[in-house]
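Each chain is listed here by its residues.
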Amino acid sequence: MHSFIKPRKKRLIDEMSSLWIIFIALMSIGLVGFGVYVNYKSSFYIKMLEEGEKKHQALDKKVKDLKSDIQIFSMQKELSYEVSSSNLILKDSIKNLFDLVPNQVTLTKVVMEKYALELQGYTRSKESYRLLLEPPLKSIFDESRVEFSINKKGFFQFISHNKMEEK
Amino acid sequence: MGLFSSVKKHFLIQIIGIVLEEDKCGIYVKKIRNEKVIYSNIKYFNLESKDNLTKEIISYINALQSEHEQTYVALFLNTLGQGAICGCGKDAFEKFGVDSKSVKGVCIDKEFTIYASVIDINWADKVFKKVGLDFIFSPFLILNSYAKKDINTNEVKLYILNTNNGLTMMIMSGKKFLYGSFFNVAIEEDVLLEDFESASSEALSVDDEEIFEELDFDGVDDDDTPSMSIDEVADYEEVILQNTLSEKDARFVRYLDISLKEFYSSDNYDSEFVSSVKIYDCAAMNEDVIKHIEDELLLGISAENINLLEAVVEISKKEVLSNA
């Protein structure tokens, strides 16, 4: 510096231009900021959407699993109802069967099938069987036949095969 | 050059160079971009007083300033309270009897100091208060910028800057500064004579009205100080009588003689014999003055016309671009 005084500080550009540049700079910063914000938000929403999609798919799968479970449970329930009703029927049938058996006849084996019944036992006389047990069996089953044999004690052993036509 | 400076040169820079004289004010406007001049204009305004700028000048400069932010106003300081001394720092001021507190100095090339009185700098600031100043340049700075270009040998040379109201002298031995002085030739300066009195045992008698008395150097002719011979005084008188020299020119010649005598006689200076004179003329120098110097001092003289305002603006431009 060769001057006796220092130069006053100068602006590179005039005040109006400075204001414009500041305004444009602020606007640019604002726009860039807004752009960044929108980009961030959109990526956030996209991520959220993807997560929602994943959750939705997981829930869909869960619903399907639950539906199949429900189906299985319903089938099991129906089956249990069926079994229960069959058991009741069987119980009634057994009760009815035992109600049918007179005191003169002793059963040693009972094989119950859906449409067949096999009875094994013994009695003192064939008549006891023929008069007291055979008529109800014949009235229930379509076919009823009996085989007798005499055991060591002198009782008549019988094997009764009864069948019903399948419906 | 810094980054700011490199950027700055691409902006339009307007430099206003001002030379204030007693009765007129020259204003040179230069607009620069990328170091290319895109506009320049010189305008002169009349002045009633050097202490008061006219409204016309103020409004002209203010209008220029309002055009561009990068406007620098530079003033060429041509007041009497200034000089140049060998060396830099407080010691140099002490050596030459200059009160360092009352002047502001600028060290040039670590070789010599140019200084101006704080009063004069404050005066300039006050005069230009309504427009503001960015640079105040010493005439020694202008003269040095030209002398630097001229120096090519180690010969002792007297460089003179002749302006309308000022006489600036520098004696250089090659690149080495030996002596410097400044005088106002537009008006009779009492201070100069007082200064000279301090170096002499008798006071000088000065009367603005009487040139003959001004040229009478008997008053300083004693054993301690350089004196003018009777022949020399007679020569002056002859010149004035023939009306070939104006008062201003007479002062010019007289101050030149006084300075040379001071240079040769004072112990403060390395008094080497001046072998030639180079005059940088901004004020259409009277050829009789040149002839007188050649005849009386027996020195070879070369003169070059320069534009002072242009020089002020050029230095301002360098300052602006180098100190950005």
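Up top you'll find the structure we're talking about.
Here goes a summary of the coordinates provided. (Residues numbered from 1 in each chain as written. Chains lettered and ligands numbered in written order. Predicted model: local features only at pLDDT ≥ 70, side-chain atom pairs only at ≥ 80, totals over all residues. Heavy atoms only, no water.)

Let us look at unusual backbone geometry. All names here are of chain B. Not every positive phi belongs to a glycine, and Asp109 is a case in point at roughly 55°. Tracing the chain through its elements places Asp109 in the loop between β6 (103-108) and β7 (112-117). At Lys110, a position not held by glycine, the phi torsion is positive, near 55°. Structurally, the position occupied by Lys110 is in the loop between β6 and β7. (Helix = DSSP H or I, 4+ residues; strand = E, 2+ residues; numbered from the N terminus.)

A few words on the interface of chain B and chain A. Facing the 30 residues of chain B at the interface are 14 residues of chain A. Between chain B and chain A lies a buried interface of about 1900 Å² when both sides are counted; carbon and sulfur atoms form 62% of it. Looking only at chain B, the three residues that lose the most surface to chain A are Glu69, Val106 and Asp134 of chain B, adding up to 30% of its buried area. Where chain B touches chain A, the interface holds 2 salt bridges. Its salt-bridge partner being Asp134 of chain B, residue Lys10 of chain A comes within 3.0 Å of it at the nearest N-O pair. Counting across the interface, chain B meets chain A through 9 residue pairs in polar contact (both at pLDDT 80 or more). (Contact = heavy atoms within 4.5 Å. Buried area = accessible area lost by both parts, 1.4 Å probe. Salt bridge = Lys/Arg side-chain N within 4 Å of Asp/Glu carboxyl O. Polar contact = N/O pair within 3.5 Å; in protein donor to acceptor, adjacent residues only side chain to side chain.)

A separate point is the pairing of strand β4 (residues 71-76) of chain B. Residues and elements named next belong to chain B. Here β4 lies mainly inside the structure; 6 of its 6 residues are buried. Pairing of strand β1 (residues 13-20) with β4, which is carried by 6 bridges, proceeds in the parallel orientation. When the bridges of β4 are listed, Gln14 appears paired with Thr71. One ladder, built from 3 bridges, connects β4 with strand β8 (residues 135-137); its direction is parallel. Note on β8: the bridge partner recorded for Phe76 is Phe137. (Buried < 20%, exposed > 50% of the residue type's maximum accessible area, 1.4 Å probe, protein only. Pairing = 2+ DSSP bridges.)

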